[in-house]
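The primary structure of each chain is shown beneath.
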Amino acid sequence: MAERETVRNLTEASNRAETPSALDRPFIGSMTLEKFLYLLLWAVIVFTRLYQLGDRPYHHDESIHAFYSWKIVDEGLGNYKYDPVYHGPVLYYASALMMKIFGDGDFQARLSAVAFGFGILAFAWPLRKFMGRWSALMFLVLATFSPALNYFTRFIRHDVYVGLGNMMAVYFAFLYGRSRKATHLYVAAVGLAIAFCNKEDMYVLGPVMVLSLLLMQVWEIIYAGDWRKQLSVTWGETAAFLKSSALPIITSLIIFLVVCLTFYTSIFTHPENWNPVRRALEYWIGQHTIKRIGGPWWYYFPQLIAYEPVILVPMLLLLFGPVLTPQKGERRSTTILEYLTLASTVLAILIIFLNQAGLAFGMFVIYDSHTGGLIFLLPLGLAGLTLMRRWLPDPFIRFLCMWTIGCFCFYCWAQEKVPWLLFPMVMPSALLAGQWFGRMIEEKRLSKPAVFVPVGILAVLTLWSFVAVNYLYSAPRPDEGPNDSPKRTGELLAYVQSTYDIQKVMHRIEDVSRIMGTGDKTRLAVGGNATWPLSWYLRHYPVNWAADVRNVDTPVVITDLEVATALDKALLEKYEKVRFEIRGWWEPDWTKLNVTTFAKWWATRVAFNGVGSSDAVMYVLKDIKPGVALDSIAVNPPPAAKGYNAPPSLEKPAAVWGVRGVGAGQFNEPRGIAVDGEGNVYVVDSKNNRLQKLSAQGVPITSWGKEGDTPGDFKDPGGVALGPDASVFVADTWNHRIQKFDKGGKFLAEWKPDPGFWGPRGVAVSADGNNVYVTDTGNKRIVRFDGNGKQLGVWGKEGSKPGEFIEPVGIAVDTDGSVYVADTGNHRVQVFSADGTFLREIPILGWEEFYSEPYIALYGGELWVTDSYNHRVARYKDGQNIGSWGKSGAADGDFNRPIGIAADRQGAAYVADTMNNRIQKFVLPAAK
């Protein structure tokens, strides 16, 4: 075959032939069609970005960012101090500037995000130099009507600010490659600094961009017929370019550092923060490790399919179309690469299918929902090689291809999965999709029915999502119905979002302030989860931001629903109680997704499974009038959660058993554990609705149960306990009963108290077998039975006083008959005598999430407590924390929401590593 031409690298622009175009036709007077379309699009952009801008309630994170930006305006430049938890400074100073100019209303506070979004879209016009005129125009069209780009350019989070910085860096770097004007490189450095001064993602995205530049060069080497000759040419040109650009590059580095130093030191008011790198990396790596908001590697693809099909599909066609399009006279090795790509892709899909079905062999167990995407690295690499052999676009498009793929790989791998991280993937994807549309228009193929019809369908799908998520269903409206209502809407981009109840709360507070005549001087008390976003909304009011509301002397009190019962008795005589939703969320159950449910969701936005919410209560003084006297009322809410005093140790397990699946020895969210005198381990395999019995070596012995409500069936069972005669007691949680079996799984009896259980979680048996204790979680009480199911007593109610409970779960009985109860919402373990007399309480660290679902075990004078939210197990002795072990992850010794725990007679600890779908056994070191 004839040797292919070499193509120059970064130093050469894409020389597009300027041919007459429909865009040059006069449209209105001397205005060309191109300029008219740009003006029309910009009118749409301005309208869609500003319309209803202040209407959507402020998201939890938005309220933090807006509040601290306002503090800069209110108290000065030095009020802001870099904290990696809240990301970088550019957002705060940009937002503060907008508030300083236009005011601090809900509309004005979002203007900085909108302005940065405008900046990104403004690059469409100059990008014509590198993309071509039609492609740049189509990029602007796609970005204008992109549901995700529009949503997050009207949202005060850092991603749009990073986006503009990166767009500046890329465009002006390539412009420097063409013009060799040092000022272009300096502007690129400023753009890169803006991106780095916003978010810790740039410590990976920066290298991704550098690697994309490198692969842009490698691409033309792989494409060339004589790769050695091309390598020599590319190396020579690159070396010459770097040598001639040494001074501008050094100057640009200095500019980059000066900009970063200026922002990270809070405009030089906090010089101690001159080096943010260590803190940023420590925080980011920590977030990645603990998987605070985890998700599967494919998390973003359903959202891209649902919201961005008119960007996603053309982008994939541009990237991978050449992989499936043989070229005339190509090398045989290229055809082999194509076949290897297809074969490895089929194999990767097969491995995933086998693992999902629980049928995989041991060699395939490398896959799980978080790391399974690694399986696609081989086919992706082979596809890349095939692509580079068959297609050679100009340098800028080559860079975009690598940049886009790099962004997808990074965010699919990163362990924190949230919708706003679509932004850094959709932005370069829109550029590539614009390139595909430009080619279709220039080649006059877009008007052909085979292209136009499917593209039109994708456009309609995208436009409806654009309207729905941005203007119709941008936040939950509790008036639609209760959380389990089939009419409740669900949007993936608003997966957790403050509800419109927040605005009703503010209207009520404003009414109170108006009637009292105190305006924004009205004193308020707010505690719990409503602190954000109300810190933003109540920024002008004097507020007692108490973690615990203990004394009430204000006309309005807001606190979490979980502690409301403790306040009712003290306040309801003088205060009206108003329940409201702070935040609502929807976590899709993808097992319920099919063509029918997707079509219904797409058309109506009705969630195809239940949604949830974080609820609060507002107490409003009934007798409101000017000058009303407010007496102090004492109340007693639960204590706030307390953090750990020391980091956890990392213990190596003595054994690890199980993977996700339905087979013997496999699990689906294991919970309760018990160990008998022979060392056999009983595991509640919750989502498989069965109980499994394993030998001391972890070998499956037997199992029993299936989903149902007949004797021997289960529905999400929780705890398990063993009697001295080896009988097995299981808390059949959502069948609201206790079931008793013999050690082989034969059903013996079922128990329900009078009145009945509501979601019992824990069960424990005394050493003599005469007392069986059950945590009746939903009813906030403990129920006591004898060994035959006769009800002997009940104690407890909702509250925070001794003997009262908020979300009791785990329970254990000591050798002396004392009963230990995990009182989750009160962050304590309460200890009772056998008959329920309160003895003492042990304060517990962690349990920061209401649904931590902690279980407990006793051995050798120690209390072991699971803390699923912090992915660790804690040890207590004599009422004091003496350490903890574990961290988030999937390696041996790591945890992903550990829930169940048990001790054997030798003191080994067995932990149900619930979301890792396995059991880990630990032999613990002696307490220090």
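Residues numbered from 1 in each chain as written. Predicted model: local features only at pLDDT ≥ 70, side-chain atom pairs only at ≥ 80, totals over all residues. Heavy atoms only, no water.

1. Quick look at the sheet that holds strand β4 (residues 524-526)
Consideration 1: Read across the open sheet, the 6 strands follow the order β3-β8-β9-β7-β4-β5; overall the sheet is mixed. Two strands in the sheet have a free side with no partner beyond their single neighbour: β3 (496-498) and β5 (543-544).
Consideration 2: Sheet topology places strand β8 (residues 575-585) next to strand β9 (residues 612-621); 10 bridges connect them, and they run antiparallel. Considered in β9, the bridge of Gly584 is made with Ser613.
Consideration 3: Relative to β8, helix α22 (residues 501-516) is tilted by about 150°, and along the sheet it contacts β3, β4, β7 (556-560), β8 and β9. (Pairing = 2+ DSSP bridges. Helix = DSSP H or I, 4+ residues; strand = E, 2+ residues; numbered from the N terminus. Contact = heavy atoms within 4.5 Å. Axes fitted to C-alpha atoms, helices over the stretch in contact; angles between N-to-C directions.)

2. Describing the packing of helix α9 (residues 159-179) against helix α10 (residues 182-196)
Consideration 1: For the pair α9 and α10, the least separation of the axes is 7 Å and the interaxial angle reads 160°. Taken together, the axis directions place α9 and α10 in an arrangement best described as roughly antiparallel. Between α9 and α10 the crossing geometry is left-handed. Of the residues in α10, those touching α9 at Tyr161, Val162, Gly165, Asn166, Met168, Ala169, Phe172, Ala173, Leu175, Tyr176 and Ser179 are Ala182, His184, Leu185, Val187, Ala188, Val190, Gly191, Leu192, Ile194 and Ala195.
Consideration 2: When the residues that make up the contact of α9 with α10 are grouped by side-chain class, the tally is 16 nonpolar, 5 polar and no charged. (Parallel < 35°, antiparallel > 145°, perpendicular 65-115°, else oblique. Left-handed = near helix turned anticlockwise from the far one by under 90°. Nonpolar A, V, L, I, M, F, W, Y, C, P; charged D, E, K, R; others polar.)

3. Quick look at the environment of Lys797
Consideration 1: Structurally, Lys797 can be placed in the loop between β23 (791-795) and β24 (808-813).
Consideration 2: Separated by 18 residues in sequence, Lys797 and Asn779 have C-alpha atoms that sit 7.2 Å apart.
Consideration 3: Once you skip the residues sitting within four places of it in the chain, Lys797 turns out to touch Lys780, Gly803, Glu804 and Phe805.

4. Examining empty space enclosed by the protein
Consideration 1: Going through the model one piece at a time under the given rule, you end up with 7 cavities of 30 Å³ or more.
Consideration 2: The volume enclosed by the largest cavity comes to roughly 140 Å³.
Consideration 3: Lining the largest cavity we find 15 residues, and of these Pro476, Thr489, Gly490, Glu491 and Ala494 sit closest to its centre.
Consideration 4: Tallied by class, the residues present in the lining of the largest cavity amount to 8 nonpolar, 5 polar and 2 charged.
Consideration 5: Of the volumes computed, that of the second largest cavity is approximately 80 Å³.
Consideration 6: Around the second largest cavity, the lining residues are Asp159, Val162, Gly163, Asn166, Leu205, Trp403, Cys407, Phe423, Pro424 and Met427. (1 Å grid on protein atoms, 1.4 Å probe; cavity = no way out; pocket = protein on both sides within 12 Å on 5 of 7 lines; lining within 4 Å. Points joined across faces, edges and corners; volume = space filled by probe spheres on them.)

5. Let's talk about the packing of aromatic side chains
Consideration 1: What the rule picks out here adds up to 62 aromatic pairs.
Consideration 2: Aromatic pair Trp297 and Phe301: ring centres 6.5 Å apart, planes at 65°, arrangement edge-to-face.
Consideration 3: The class for Trp297 is buried, based on a relative accessible area of 14%.
Consideration 4: Since its relative accessible area comes to 28%, Phe301 is described here as partly exposed.
Consideration 5: Here Arg477 stacks its cationic end above the ring of Tyr500, 3.9 Å away from the centre of that ring.
Consideration 6: The ring of Trp536 has Arg539 lying over it, and the distance from NZ or CZ to the ring centre is 3.6 Å. (Phe/Tyr/Trp six-rings, centres within 6.5 Å; stacked < 30°, edge-to-face > 60°. Buried < 20%, exposed > 50% of the residue type's maximum accessible area, 1.4 Å probe, protein only. Lys NZ or Arg CZ within 6 Å of the ring centre and 35° of its normal.)

6. Comments concerning the pairing of β9
Each regular strand displays side chains that alternate between the two surfaces of the sheet.
Consideration 1: Most of β9 sits inside the fold, with 10 of its 10 residues counted as buried.
Consideration 2: Every second residue of β9 is oriented toward a common face, with Gly612, Ser614, Ala616, Met618 and Val620 on one face and Ser613, Asp615, Val617, Tyr619 and Leu621 on the other, all of them buried.
Consideration 3: Looking at chain direction, β7 and β9 are connected through 5 bridges and run antiparallel. Within β9, the position partnered with Thr559 by the bridge is Val617.

7. Points about a nonpolar patch on the surface
Consideration 1: Taken together, the side chains of Leu97, Ile101 and Phe102 make up a nonpolar region of the molecular surface, amounting to roughly 320 Å² of accessible area.
Consideration 2: Examined against the element boundaries, Phe102 turns out to sit in helix α3 (residues 90-102).
Consideration 3: A residue is classified by how much of its surface remains accessible, and Phe102, at 48% relative accessible area, is partly exposed. (Patch = residues over 30% accessible without salt bridge, like charges linked within 9 Å, V, L, I, M, F, W, Y side chains within 5 Å. Areas by Shrake-Rupley, 256 points an atom, 1.4 Å probe, with all protein chains shown as cover. Salt bridge = Lys/Arg side-chain N within 4 Å of Asp/Glu carboxyl O.)

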